[in-house]
Amino acid sequence: MKRILSSLYIWCAFAALLSAQPQVQMDKMRHEFGSVIWKEPAQATFLLTNRGDMPLRIENVHPDCGCTEVLWSNKEVAPGQSTELIVRLDAELLGYFEKQIYVMTNADTDPFYLTVAGNVVRERRAVKGNFPYQIGDIHLNSDNIEFDNVHTGEYPRRELQVYNAGRQSYTPELMHLPKYITAKCEPAVIRPGRTGTITLTLDSEQVPRVGVTHTTIYLSRFQGDRISRDNEVVVFTTLLPEQTFTAAQMANAPVMQLSTQHLDLGRLNGKKKAKGKIFLSNTGKSDLEISALQVYNPGLTVSIPKRVIKPGEKVTMKIEINAGEGSQYFKGRRSILLLTNDPANPKVVVDVTVGQ
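Below or above, wherever it landed, is the structure these notes cover.

Each value, and the rule that gives it
Residues numbered from 1 in each chain as written. Predicted model: local features only at pLDDT ≥ 70, side-chain atom pairs only at ≥ 80, totals over all residues. Heavy atoms only, no water. 1 Å grid on protein atoms, 1.4 Å probe; cavity = no way out; pocket = protein on both sides within 12 Å on 5 of 7 lines; lining within 4 Å. Points joined across faces, edges and corners; volume = space filled by probe spheres on them. Helix = DSSP H or I, 4+ residues; strand = E, 2+ residues; numbered from the N terminus. Nonpolar A, V, L, I, M, F, W, Y, C, P; charged D, E, K, R; others polar. Polar contact = N/O pair within 3.5 Å; in protein donor to acceptor, adjacent residues only side chain to side chain. Contact = heavy atoms within 4.5 Å. Core = buried A, V, L, I, M, F, W, Y, C linked by side-chain atoms within 4.5 Å. Buried < 20%, exposed > 50% of the residue type's maximum accessible area, 1.4 Å probe, protein only. Pairing = 2+ DSSP bridges.

Turning our attention to the layout of surface pockets. Once rolled over the atoms, a probe with the size of a water molecule shows which space is left empty. Taken as a whole, the second largest pocket holds about 990 Å³ of empty space. Along its surface, the second largest pocket is lined by 30 residues, and Asp27, Lys28, Arg30, Arg158 and Glu159 are the ones closest to its centre. Those elements that place two or more of their residues in the lining of the second largest pocket are strand E1 (24–26), strand E2 (30–37), strand E3 (42–50), strand E11 (144–150) and strand E12 (157–164). Sort the elements by how many residues they give to the lining of the second largest pocket and E11 lands first, with 6 residues. Across the lining of the second largest pocket, the residue classes break down as 8 nonpolar, 10 polar and 12 charged.

Next up, the structure:
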């Protein structure tokens, strides 16, 4: 009996070890600098949190341009703790920029990518601060909000910065808010030439489904304003499923492999569409089930021939970007979400880039 109990204890300890792993959660994947003054360096901070149950370690960080520098720590991040990645832009080159930072951790065999974007100008116009998006006399720091990696029971917050460039005091109001989002502005009335902050709070209990939920809200410019594409703000919510795996499931688990998690479609060069492929394979011991395959951007489409992939099987995922008139191609992040029953990859995001 002692021998049986000892073996059982060893097996339980081994199973717990198998299920334990670090998990990366970023407060954001993209930072919009807006207008940056030429030769005046700018800085963005990304917060990385370890949502797993083993120590997380950043193993390598590499920006794709010499104009950016990243400050980071290679010290282990304990479960539930956070660390910062600080991205510094030298602002030596005039014009629009969109730069990516490669980040490799011990949580995954594939890297993920952070993005910084903005416009380097010789002098800032009348609008103060980083407010590149204009809705009448109102300027915003962003035209999209993203609630990423949300679990049921959480109430994350996001902020929208507002600048009043008009001559009258302005009372912000968001129209068509879904029932799972509330908003509050401080101050309630923004005087001419002043800024305010709209704080949006997500009630995860009210989000209608697991995966990506996309909605559009509208910022009124004046009392009695109507909704239009000119005053829309896109909101994305990624609600993750609550998944637990037994020791037997872990030992017999599927393993998802992607040919890449960053698909570069090159430049459009005047074309309205660009297409690409990613190969997805199951190198595990049981069926790989894709419970969600969704896009964050309406200008992006994705298709896959089947949602259940047998061990040893490989399928082709087809991706297309539509930059034609009327699409929301430039609003929000251009990414694809996959939710699977692979314990090591329950959530995978594929980023898609394309140039003009």
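After that view of the structure, there is still more to cover.
Our next topic: the side chain of aspartate 351. By secondary structure assignment, the location of aspartate 351 is in strand E26 (residues 347–355). Here serine 335 takes part through its side chain, which lies 2.6 Å from a polar atom of the side chain of aspartate 351. Here aspartate 351 is in contact with Tyr113, Gln261, His262, Leu263, Arg333, Arg334 and Ser335, once residues within four sequence places are set aside.

Counting residues in hydrophobic clusters, the biggest one holds 25 residues, and the most contacted among them are Met26, Phe46, Leu85, Ile101, Val103 and Leu114. Going through the elements one at a time, E2, E3, strand E4 (58–63), strand E6 (82–89), strand E7 (95–105) and strand E8 (112–121) are the ones with two or more residues in this core. Apart from residues lying up to four places away in sequence, isoleucine 101 is in contact with Val61, His62, Pro63, Val70, Val87, Phe112, Tyr113, Leu114 and Val116. Core analysis: the second largest hydrophobic core is formed by 24 residues, Leu258, Ala274, Leu293 and Val354 among them.

In space, the 4 strands of this open sheet follow the order E11-E17-E16-E13, with mixed pairing throughout. The open sheet is flanked by E11 and strand E13 (174–175), the only strands paired with a single partner. Pairing of E13 with strand E16 (residues 211–219), which is carried by 2 bridges, proceeds in the antiparallel orientation. From the neighbouring strand, leucine 174 faces E16, where its bridge partner is leucine 219.

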